[in-house]
Amino acid sequence: MTWANILIQGALIGGFYALFACGLSLMFGVMKVINLAHGDIAVVAAYSAVFLVPKLHVAQLWAFVVIVPLFALIGYVVQRTLLQKAIDRDPFTTLLVTFGLSVVIENLLLEIYSANGQSVNIGELVAKSWQVNSVIYVSYVSLVVLGTAVLVLGALQIFLSRTSSGRLIRAVSDDREAAQLCGANYKHVFGVAAAIAFATVALAGIAFGISTEFDPTAGGINLLYAFEAVVIGGIGSLWGTLVGGILLGVAQQFGAHFNLEYQTLAGNALFLIVLAIRPQGLFGRKVSLNE
Amino acid sequence: MSSDTTDSPSAPTLLSVDHLTVFHGQLCAVDDVSLSVGAGEVLTIIGANGAGKSTLLRTIAGLHRPASGTVTFEGEDITHQAAHQRVRVGISLVPEGRRLFASLTLEENLLVGAHRAAEGPFDLARVYELFPWMKDRRRGKVFQFSGGEQQAVAIGRALVANPKVLMLDEVSLGLAPIVIETIYEVIPDIVSHGIGVLLVEQDVSQGLRVATRVHCLLEGKTSLVGTPDSLSAEEIEHAYFGADLPDNATQVQPS
């Protein structure tokens, strides 16, 4: 029963990792931007849920209704201004700019909200859980987060594979110059991809803020986990990211079972093993026409 | 305005390029080139490797910025328009190396090509008529296709945008002669709709066969213009390789 619990708890936390990671995966897949500020954006979303949303007289539970569209807009604007300027120069500049963004965000949050721990208050709901048997408890919040992750990834998958906008995003990520020659404004397409990425990571940030206490520097470790989930699953595969997140979660729970300090270590070990044996990730493909 | 281009037949001029100069860093890739393309004619640009042919086409498509000179389309100065805007104006480029969307199916590649399409004779069904093998394989991923098939998809992808001027960059590169034939077979069909074709070819004989007019580039400069009938093989040879080469070099057949 202990093993079943490890699997279940791992899968639940894995859903959160996948939700957190899909935006990272999308931005890397479409515009080859490794957004080092990805985790910090989630933290900003969590802070917004705690401090800004109540001012609009919206309950913190419903913060996502305001924050997700807002962050989509912010994502589009940041991409079309700051990130596009960086991309126009070179990949290294882009990495530095997102790193700089991460530092600026963390320090601004420290300055404004101090280093005290915060959490998104949704009342008693956070402690409620479904007791399967004497060992296994499934927290409602984790279950909802996993469900949300599956829903978001599924919707994103359908959007990318079935709609004309999604097709354009895939075309631009394959070959942005060729897409231009088909009449596509790739900068706008980049903006749309960033909007989706920011919206999903904002959702993940709120989920994070509900389930644990966070402080201004919480973004870094989540970025690491998201990055690991993407690499384990394979870049460019959304279901791969979900599986990667779940495997990472299970590995961490497995490590924690022996010693709480092994939690991160076990996850990192899985990440390194996958990287060594299958660098393209479990579901990654190597497709290239134009070497 | 376009005084140094040869007189084209009565066809109305669609695209004109005037005194275009393009740099790649320090290198002057295209040096003061002027040309024009009218409706329903085929202008073939020939020249050796590095003569600036592809750069010229890419500049017309909006992928490079010229240092000086203008690109005009139907009387409108489009020199400063972005590449994606030029597609809507009516210029499509089939780029060198085909540049298909590798993770998309054949049909999806064509749909991306058609997503900003103008009104006109070409749509997916028409392209499937032009290349009948495509219909059965429209759900196939293009990276599994042969070079000739990929080239056909690239041409189809440009055609479905219904351009007024279609630019083809090295369509025969790396293809077997028999495959090149089938690719070139569609050009008369394209031209019959009044589309102007701007063709870049290293395969001179193939380029000349379909050309209404020929424009030869040598180290970025115009070295020869004329109609295929009016030019002798020797003239073309000189324009292609440069006039001041040693004797043994000029004997090479440019084909």
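Residues numbered from 1 in each chain as written. Chains lettered and ligands numbered in written order. Predicted model: local features only at pLDDT ≥ 70, side-chain atom pairs only at ≥ 80, totals over all residues.

*Asks:* Got a minute to help me understand the sheet that holds strand E2 (residues 27-38) of chain B in this structure?
*Replies:* Whenever strands of a sheet pair, they do so through backbone hydrogen bonds, lying parallel or antiparallel. Residues and elements named next belong to chain B. Spatially, the 4 strands line up as an open sheet ordered E2-E1-E4-E5, and their pairing is antiparallel. Both outer strands of the open sheet, E2 and strand E5 (76-77), are each paired with one neighbouring strand and no more. Here 2 bridges tie strand E4 (residues 68-73) to E5, and the two strands are oriented antiparallel to one another. When the bridges of E5 are listed, Thr 72 appears paired with Asp 77. (Pairing = 2+ DSSP bridges. Helix = DSSP H or I, 4+ residues; strand = E, 2+ residues; numbered from the N terminus.)

*Asks:* Which parts of the structure should I look at to understand the confidence of the model for chain A?
*Replies:* Residue-level pLDDT values for chain A average 92, and 98% of them are 70 or greater. Across residues 287-291 of chain A, confidence stays below pLDDT 50; counting only partners more than four residues off in sequence or on other chains, it has 10 contacts. (pLDDT = per-residue confidence, 0-100. Contact = placed C-beta atoms within 7 Å.)

*Asks:* Quick question: what am I supposed to make of helix H1 (residues 53-61) of chain B here?
*Replies:* Counting along an α-helix, one turn takes 3.6 residues, and residues three or four places apart therefore face a common direction. Residues and elements named next belong to chain B. Counting buried residues in H1 gives 9 out of 9 residues, a clear majority hidden from the surface. Every buried residue of H1 is listed here: Lys 53, Ser 54, Thr 55, Leu 56, Leu 57, Arg 58, Thr 59, Ile 60 and Ala 61. One or two positions beyond H1, positive phi appears at Gly 62, with a value near 100 degrees. (Buried ≥ 20, exposed ≤ 12 C-beta atoms within 10 Å, placed from the backbone.)

*Asks:* Can you walk me through the interface of chain A and chain B in this structure?
*Replies:* Size of an interface: often given as the accessible area lost when the parts come together. Chain A puts 20 residues into the contact, and the matching count from chain B is 25 residues. Among the elements of the structure, helix H6 (164-174) and helix H7 (176-181) of chain A are those that each provide at least two residues to the side of chain A that touches chain B. Ranked by residue count, the leading element in the side of chain A that touches chain B is H6(A), at 6 residues. Along the lines of polarity and charge, the residues of the side of chain A that touches chain B split into 9 nonpolar, 6 polar and 5 charged. (Nonpolar A, V, L, I, M, F, W, Y, C, P; charged D, E, K, R; others polar.)

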